[in-house]
Amino acid sequence: MKINIENIKKLFNSNATKSYSYRVAMLDKLYNIIKQNEQEIIDALNDDLGKSETEAYITEIAAMKSEIKYYKSNLKKFMQPERVSTTKTIFPAKSYILREPKGVVLIISPWNYPFYLSITPLILAIATGNCAIIKPSEISKKSTLLLEKMINESFDNNYIKVVSGGVETTNGLLENRFDHIFFTGSTTVGRIIMQKAATHLTPITLELGGKSPVIVDHTADIKLAAKRIVWGKLLNAGQTCIAPDYVYAHLSIKDELIKAMISTIHAFYLENPIEHIDYQRVVNEKHFNRIIELIKKENVVYGGNYDINTLKIEPTILDNVTLDDKVMQDEIFGPLMPILPYNDLTEVINNIKNGEKPLSLYIFTNDEAIKKRINNEVSFGGGTINDTLQHLLNDNLPFGGIGNSGIGKYHGRFGFDELSNLKSIVDKSTKFDIFLRYPPYKGKLKFLKLFLK
Ligand code: NAD
């Protein structure tokens, strides 16, 4: 059933959300709501995902707060008309770009970082002067409930509103003509959202997932590589869109890398990781069963055990994995680390290129030529060299996928442009008027040719 959004449209059309002072006041309000609810957020994340307090604070609370601070301190600059030079064909005039809010934005978010991935697009919507509806995931129940309470009790719901529910609710919302849809989730659902958006020709941002490869070559600092790969993989128990999905390890360093990865796991989570308080569980039984199905016993060189009662799966290293293995067919989104040995980098590059374009790619090497070659030859959304996940954390870099891993970019200036209409304005002088452009053209072409050559 269609969910009515007319009142939100009405508020947007009143222009109330557009001024600098309104945007700043709403960003301040959001900041305070997050601050007041820190403990509730930590508790909800623990309930939904078994997230530790530290990870909850760093990856969700601190991340949201820093995003608000960033947009607050850059808002004036981003809202300024941007002067550009004027081409001689339209001289004399002034030319500039105005960034105007698009209108009502629908934000659809996933369960893996339920606050950060709902609130970050909301911060953008506020900063750009838009109104927004957030449709969080029905899987992260406690977080969705809290989001609903935090937002709906504090903001004018004709301005910002959380609408909770599953597929039916999303469909009810999508019957409306939104001015932008910002979707974060799986590629499969992204495709459905894009089809629905096409009905109204609504612009979309699709922040999707996929398999993000890691390449560790023979020149890499192996201990450091192991530490940074394991950290990136096991954060949120591997349920991170840009988590390193699988590792291509040069044959000459592969065994050393596996040994270092095992030492790292022990250093992080001791001998029995699934008992460790900082080691997270999988979100639900459906995902738990999906992930354990991917563990081929004969490939396990570390881990491989799990506990259905706690929904925890051991950090699991799978050696000598091939492209035909089940674990290589789809995004893992869990704590399994397949290792694919290689000898020939060309083959690795071709294999990655034969698959879907990754959201992220990680290279561990000290060879500048290899960095350059991979960046030049392989298409992917973004990446980090000699570490994992770091490119997401720099506001000066655009974040997003390409092809199957997404459409559109956000973060920093790029996010501001994503939710704005870049309106082109030419302000023409009335002081004089070049008569050559007007008919009748007889006798004018030779002068025009002189001017336009
Ligand atoms: P999902 O696609 O199943 O769900 C995302 C949202 O879509 C939820 O709000 C859900 O209610 C809604 N939804 C689900 N099925 C729908 C349907 N048939 N019609 C309309 N709406 C529907 O994704 P998820 O399982 O919540 O999240 C995991 C996925 O998200 C992974 O693939 C991961 O890589 C990706 N992800 C991407 C990013 C990114 O920034 N690129 C960030 C986090 C997660």
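Residues numbered from 1 in each chain as written. Predicted model: local features only at pLDDT ≥ 70, side-chain atom pairs only at ≥ 80, totals over all residues. Heavy atoms only, no water.

Caption draft 1: Summary view of the overall build of the chain. Helix and strand content of the chain: 15 helices and 18 strands. Once the C-alpha set of the chain is aligned to its principal axes, its extents read approximately 85 × 55 × 40 Å. Buried positions account for 53% of the 453 residues belonging to the chain. Summarising the internal contacts of the chain: among those between residues at least 6 apart in sequence, 70% fall at separations of at least 24. Accessible surface for the chain amounts to roughly 21000 Å². Of this, 54% is attributable to carbon and sulfur atoms. (Helix = DSSP H or I, 4+ residues; strand = E, 2+ residues; numbered from the N terminus. Buried < 20%, exposed > 50% of the residue type's maximum accessible area, 1.4 Å probe, protein only. Contact = heavy atoms within 4.5 Å. Areas by Shrake-Rupley, 256 points an atom, 1.4 Å probe, with all protein chains shown as cover.)

Caption draft 2: Expanded view of the domain arrangement of the chain. For the chain, the assigned domains read domain 1 (5-208 + 405-425) and domain 2 (213-393). A straight line from the C-alpha centre of domain 1 to that of domain 2 covers 31 Å. The partner domain 2 presents 18 residues to the 17 residues of domain 1 that form the contact. Roughly 1500 Å² of surface becomes buried between domain 1 and domain 2 when both sides are summed, with 49% attributable to carbon and sulfur atoms. Our count for the domain 1 to domain 2 interface comes out at zero salt bridges. If you look at where domain 1 meets domain 2, you find 13 residue pairs in polar contact (both at pLDDT 80 or more). Split by residue class, the side of domain 1 that touches domain 2 holds five nonpolar, seven polar and five charged. (Domains from an automatic or database assignment. Buried area = accessible area lost by both parts, 1.4 Å probe. Salt bridge = Lys/Arg side-chain N within 4 Å of Asp/Glu carboxyl O. Polar contact = N/O pair within 3.5 Å; in protein donor to acceptor, adjacent residues only side chain to side chain. Nonpolar A, V, L, I, M, F, W, Y, C, P; charged D, E, K, R; others polar.)

Caption draft 3: Representation of the site of the ligand within the structure. Lining the immediate surroundings of the ligand are 27 residues, of which Lys135, Glu138, Ser186, Leu208 and Glu331 lie closest. Within the side chain of Glu138, an N or O atom sits 2.6 Å from an oxygen atom of the ligand. Here a nitrogen atom of the ligand sits 2.6 Å away from a polar atom, N or O, in the main chain of Leu208. When residues of the shell around the ligand are traced back to their parent elements, those giving at least two are α7 (167-174), β6 (180-184) and α8 (187-199). With three residues, α8 is the largest single contributor of residues to the shell around the ligand. Here the residues of the shell around the ligand are counted per class, giving 15 nonpolar, eight polar and four charged. Taken domain by domain, the shell around the ligand gets at least three of its residues from each of domain 1 (5-208 + 405-425) and domain 2 (213-393). (Near = heavy atom within 4 Å.)

Caption draft 4: Region of interest: the sheet that holds strand β4 (residues 131-135). With mixed pairing, the six strands of this open sheet are ordered in space as β5-β4-β3-β6-β7-β17. Both outer strands of the open sheet, β5 (160-162) and β17 (406-407), are each paired with one neighbouring strand and no more. Each of β3 (104-108), β4 and β6 touches α7; the most contacted strand, β4, lies at about 155° to it. Along the sheet, α8 makes contact with β3, β6, β7 (204-207) and β17, crossing β6 at roughly 170°. (Pairing = 2+ DSSP bridges. Axes fitted to C-alpha atoms, helices over the stretch in contact; angles between N-to-C directions.)

Caption draft 5: Representation of the side chain of Lys135. Within the fold, Lys135 resides in strand β4. Among the residues examined, Lys135 registers a relative accessible area of 3% and is labelled buried. There is a polar contact of 2.9 Å between the side chain of Lys135 and the backbone oxygen of Gly165. Ignoring sequence-local partners within four residues, the contact set of Lys135 consists of Ile107, Ile108, Ser109, Val163, Gly165, Gly166, Thr169, Thr170 and Leu173.

Caption draft 6: The pattern of salt bridges, seen in detail. For the structure shown, the criterion picks out 17 salt bridges. Notably, a salt bridge pairs Asp325 with Lys296, separated by 2.6 Å at the nearest N-O pair. Taken together, the positions of Asp325 in the loop between β13 (316-318) and β14 (336-342) and Lys296 in the loop between α11 (285-292) and β10 (300-302) put the pair 29 residues apart, joining distant regions of the chain. Across the pair Arg373 and Glu377 runs a salt bridge whose closest N-O atoms are separated by 3.0 Å. Of this pair, Arg373 and Glu377 both sit in helix α13 (residues 368-377), four residues apart, which is roughly one turn of the helix. A relative accessible area of 29% places Glu377 in the partly exposed class. Shared partners join several salt bridges into a network, and the residues in it are Glu82, Arg99, Arg413 and Asp417.

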